[in-house]
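As a plain string of letters, each chain reads:
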Amino acid sequence: MTESNSRELIARALAESGHTVRYPKGTVIITQGDPSDALYVILSGRVKVYLSDDNGREVVLAICGPGDYLGELALVEGVRSASVATLEPCTMSYVTQQSFKEHLKNDPGAAFDLVVRLIGRLRLATEELRSLALMDVYGRVARLLLELAVERDGQRVVEQPLTQQQIAERVACSREMISRVFKELTDGGYIRVENRRIYIDRRLPARF
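Predicted model, so just to flag it, every value in this text is computed and none were measured. (Residues numbered from 1 in each chain as written. Predicted model: local features only at pLDDT ≥ 70, side-chain atom pairs only at ≥ 80, totals over all residues. Heavy atoms only, no water.)

**Concerning the overall build of the protein chain**
- A tally of helices and strands in the protein chain yields six helices and 12 strands.
- Relative to its length of 208 residues, the protein chain is compact, with a C-alpha radius of gyration of 18 Å against a globular reference of 17 Å.
- For the C-alpha atoms alone, the extent of the protein chain along its principal axes is close to 55 × 45 × 30 Å.
- Here the protein chain holds 208 residues, and 39% of them are scored as buried.
- In the protein chain, the share of contacts with a sequence separation of at least 24, taken over all contacts with a separation of at least 6, comes to 67%.
- Separation between the mean location of the 28 positive side-chain charges and that of the 28 negative ones in the protein chain comes to 4 Å. (Helix = DSSP H or I, 4+ residues; strand = E, 2+ residues; numbered from the N terminus. Rg over C-alpha atoms; globule rule 2.2 N^0.38 Å. Buried < 20%, exposed > 50% of the residue type's maximum accessible area, 1.4 Å probe, protein only. Contact = heavy atoms within 4.5 Å. Lys, Arg positive; Asp, Glu negative; His and termini not counted. Charge placed at Lys NZ, Arg CZ, Asp CG, Glu CD.)

**Description of the confidence of the model for the protein chain**
- Looking at the protein chain, pLDDT values average 86 and 94% of them are 70 or higher.
- Helix α3 (residues 108–134) is the least confidently modelled element of the protein chain, averaging 76 in pLDDT, while strand β1 (residues 19–23) averages 96, the highest of any element. (pLDDT = per-residue confidence, 0-100.)

**Observations regarding the pairing of strand β4 (residues 47–52)**
- Relative to strand β5 (residues 58–64), β4 is paired through six bridges, and the arrangement is antiparallel. By the bridge assignment for β5, Val-47 is matched with Cys-64.
- The pairing of β4 with strand β7 (residues 83–86) spans four bridges and is classified as antiparallel. If you follow Val-47 over to β7, its bridge partner there is Thr-86. (Pairing = 2+ DSSP bridges.)

**A closer look at unusual backbone geometry**
- You will see that Asp-153, though not glycine, has its phi angle at about 55 degrees, which is positive.
- With respect to the element layout, Asp-153 can be found in the loop between β9 (150–152) and β10 (155–158).
- We classify Asp-153 as exposed; its relative accessible area is 85%.
- At Asn-195, a position not held by glycine, the phi torsion is positive, near 50 degrees.
- With a relative accessible area of 74%, Asn-195 lands in the exposed category.

**Digging into the packing of aromatic side chains**
- Taken as a whole and judged by the stated rule, the model has one aromatic pair.
- Measuring from ring centre to ring centre gives 5.3 Å for Tyr-40 and Tyr-94, while their planes differ by 75 degrees; the resulting arrangement is edge-to-face. Taken together, the residues span a long stretch of sequence, with Tyr-40 in strand β3 (residues 38–44) and Tyr-94 in strand β8 (residues 90–96) at a distance of 54 residues.
- Look at Tyr-40 and you get buried, because its relative accessible area is 7%.
- Residue Tyr-94 is classed as partly exposed on the basis of its relative accessible area of 23%.
- Lying across the ring of Tyr-69, Arg-117 places its NZ or CZ 3.9 Å from the centre.
- Its end group placed over the ring of Tyr-190, Arg-202 keeps NZ or CZ at 4.3 Å from the ring centre. (Phe/Tyr/Trp six-rings, centres within 6.5 Å; stacked < 30°, edge-to-face > 60°. Lys NZ or Arg CZ within 6 Å of the ring centre and 35° of its normal.)

**Here we look at the sheet that holds strand β2 (residues 28–30)**
- Read from one edge of the open sheet, four strands run β2-β7-β4-β5, paired in antiparallel fashion. Every interior strand has two partners, whereas the edge strands, β2 and β5, have only one. If you compare each strand with its neighbour and ignore which way they point, the axes differ by 35 degrees on average.
- Against the sheet, helix α5 (residues 164–171) engages β4 and β5, with an angle of about 105 degrees to β5. (Axes fitted to C-alpha atoms, helices over the stretch in contact; angles between N-to-C directions.)

**A short note on the side chain of Glu-169**
- Tracing the sequence through the fold places Glu-169 in helix α5.
- Judged by relative accessible area, Glu-169 falls into the buried class, the value being 13%.
- Beyond its immediate chain neighbours, meaning those up to four positions away, Glu-169 contacts Lys-48, Glu-58, Val-59 and Val-60.

Below is the structure:
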């Protein structure tokens, strides 16, 4: 069994500890600062995990999809550290804090998987902090594209549909700046956008 299949089975077993809920596109499921009292397992659809300020500005921390967990900090008392909203219609399993704790006690594999996921998120957060502190806007955009790209028939492609506004939220800059970067990359033959997919046709330059 591959690691991805194993993780899928672990997520499915955890989902069975909760009850199924459905949310339309654009629903805020978790609000930063709310009590951390439940875990969500995504069964279908995609969500964004983000931070926002009083002026409505957002920084997107991650895009999550089927098999991902949301709200792991429900394992301990506290408040939500970020907000979560649906990017498309979603089906999730809502697992209460008590059910979550009982499931981890009875399934060591799930407990280990949770630790691995949290370590992965910590590493991602560290990289994001380094990126914001040390890279210019172009560097952050290039890093995001390379992280999201997968190999398909010898071609690197970002299959996840992303608007320029969503990319701006991921790298903490304006949409106008993203439009400028994309124009430069497109004119230079580095990328092309077709059917809401971003194709990387040439190695991206180290800087612009």
